[in-house]
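Observations on chain architecture
This is what each chain is made of:
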Amino acid sequence: MIAFVANLIVPAPDVLPVPAPTSVMHLLLLLTFLLHLLAMNAMLGGLLIALVTAFRKPDSGLPATVVGSTPTLVASTVTLGVAPLLFLQTLMGQFFFTSSILMGWGWFSVVIVLILAYYGAYLQAFRWAKKGVVNTGVLLATVLGFLWIAFMFSNNTSLMAAPAVWGTKYFADPRGLHLNLGDPTLWPRYLHAVLGAAAVAGLVLGWWGARLKDAVAGAAMYATGLKTFTLVTAVNVLAGLWYLMALPREAMLLFMGRSPLGTGILTAGLVLSLVALFLGWRAWKKGPGAGLWPLTLVAVVVMAVMVVMRDLARGGLLAGIYTPEAFPVEPQWLNMGIFTVLFL
């Protein structure tokens, strides 16, 4: 069924009842997405750091050490990505499936590219990393593959929140060849995600280096990780502000005083990002002896704040169109209980 809302063509929600209150499903969407981000950031950011280090310092053992763990991180990223994708489809299927159809071939490419990039990760880990080296050509191709996947996800999640362009795109060409390249939020959104991945991976390297038995290699890994975290986070604050200013006016104003929650979340995000910058810089200068727990806790909270801000922005863009409170609900507590046990 198709609904015409405010001159927009919007598919009706799924007629199947939601298996739990939408507030519970929404909370689980945000929580599982945060966990997915933690694994994805460690994986993608680690590969980016390994690639840059391989070109800048070919004799460094850091790239081989990092890529040796990549297959496990890819598996964790994919596994932890299943739940939020399913929750998103359950709550926002009318938007997500529409955007997926509009960019059909690009979305389908994710499966093919993921298989190839996953193979590249295994090739690095088992052919070269065990010998303490990397193949920069394969590493570059693997990184580009995962960057492509991230770009497709950014396209899809931004296009699903832009129903105003659906009709124009589809009736211009219904073959599933559309990306969301004309959206001013796409590039800052994508850049913000990629830089965030590099920063979080830098923090992971800091923990890893501080615990290596080889003190020299550990100190080098720690320094690279904390330097990356600090410098990239500084740049990413600017990318985040670019993303905010690129939002349509009605969504941006949610964070500029119109919504107390949105304004408070933005303020908390900025303050905590500055705290993370200070703690990262201090840990970088003090070396492996510095405690990383305060920095880690602040970084995770910042990520949680960013997840909530992203959700609030999407809600602002779909205000008046997306009405989850009207969804039919038929609780399936046994299934939700099984999910909770398996999730824990």
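The structure displayed is predicted, hence computed values, not measured ones.

1. Description of the environment of Phe153
Its location among the elements puts Phe153 in helix H5 (residues 136–159). For Phe153, the residues in contact, after removing those within four places along its chain, are Trp107 and Val110.

2. Observations regarding helix H3 (residues 70–102)
An α-helix turns once per 3.6 residues; consequently, residues spaced three or four apart project the same way. For H3, which comprises 33 residues, the first-to-last C-alpha distance of 32 Å sits more than 12% below the rise-based estimate of 48 Å (1.5 Å per residue). The axis of H3 is deflected most strongly, by about 110°, at Met92.

3. Focus: the packing of aromatic side chains
In the structure shown here, the tally under the stated rule is 16 aromatic pairs. Seen in terms of ring centroids, Trp105 and Phe108 are 6.3 Å apart; in terms of plane orientation they differ by 90°. Their pairing is edge-to-face. In this pair, Trp105 and Phe108 both sit in helix H4 (residues 104–128), three residues apart, roughly one turn of the helix. Relative accessible area serves as the criterion here: at 56%, Trp105 is assigned to the exposed category. Aromatic side chains Tyr118 and Tyr122 sit 5.1 Å apart centroid to centroid with 35° between the ring planes, which places their arrangement in the tilted category. Of this pair, Tyr118 and Tyr122 are both found in helix H4, four residues apart, which corresponds to roughly one turn of the helix. Overall, the relative accessible area of 23% leaves Tyr118 in the partly exposed class. Overall, the relative accessible area of 37% leaves Tyr122 in the partly exposed class. Within the aromatic cluster, the residues linked to one another by ring pairs are Phe95, Trp166, Tyr322 and Phe327. The residue whose ring lies beneath Arg127 is Trp128, and the NZ or CZ to ring-centre distance is 5.8 Å. Over the aromatic face of Trp284 sits the side chain of Lys285, whose NZ or CZ is 4.2 Å from the ring centroid.

4. Notes on the environment of Pro21
By secondary structure assignment, the location of Pro21 is in the loop between strand E2 (8–11) and helix H1 (22–56). Along the sequence, Pro21 and Glu330 sit 309 residues apart, while their C-alpha atoms lie 8.1 Å from each other. In this view, Pro21 contacts Val329 and Trp333; residues no more than four positions away in its chain are not counted.

5. Details of a positive patch on the surface
A surface patch of like charges, here positive, comprises Arg56, Lys57, Lys227 and Lys285. By the element assignment, Arg56 lies in helix H1. The exposure class assigned to Arg56 is exposed, which follows from its relative accessible area of 61%.

6. Brief notes about the packing of H3 against H4
Two numbers describe how H3 lies on H4: the axes approach to 13 Å, and their chain directions differ by 180°. Judged on the interaxial angle alone, H4 and H3 are roughly antiparallel. Residues Thr70, Pro71, Val74, Ala75, Val78, Phe96, Ser100, Ile101 and Leu102 of H3 pack against Gly104, Trp107, Leu114, Tyr118, Ala121, Tyr122 and Ala125 of H4. A class-by-class count of the residues in the contact of H3 with H4 yields 13 nonpolar, three polar and no charged.

Calculation rules
- Residues numbered from 1 in each chain as written.
- Predicted model: local features only at pLDDT ≥ 70, side-chain atom pairs only at ≥ 80, totals over all residues.
- Heavy atoms only, no water.
- Helix = DSSP H or I, 4+ residues; strand = E, 2+ residues; numbered from the N terminus.
- Contact = heavy atoms within 4.5 Å.
- Expected span 1.5 Å × (residues − 1).
- Bend = angle between axes of the 7 residues up to and from the residue.
- Phe/Tyr/Trp six-rings, centres within 6.5 Å; stacked < 30°, edge-to-face > 60°.
- Buried < 20%, exposed > 50% of the residue type's maximum accessible area, 1.4 Å probe, protein only.
- Lys NZ or Arg CZ within 6 Å of the ring centre and 35° of its normal.
- Patch = residues over 30% accessible without salt bridge, like charges linked within 9 Å, V, L, I, M, F, W, Y side chains within 5 Å.
- Areas by Shrake-Rupley, 256 points an atom, 1.4 Å probe, with all protein chains shown as cover.
- Salt bridge = Lys/Arg side-chain N within 4 Å of Asp/Glu carboxyl O.
- Lys, Arg positive; Asp, Glu negative; His and termini not counted.
- Charge placed at Lys NZ, Arg CZ, Asp CG, Glu CD.
- Axes fitted to C-alpha atoms, helices over the stretch in contact; angles between N-to-C directions.
- Parallel < 35°, antiparallel > 145°, perpendicular 65-115°, else oblique.
- Nonpolar A, V, L, I, M, F, W, Y, C, P; charged D, E, K, R; others polar.

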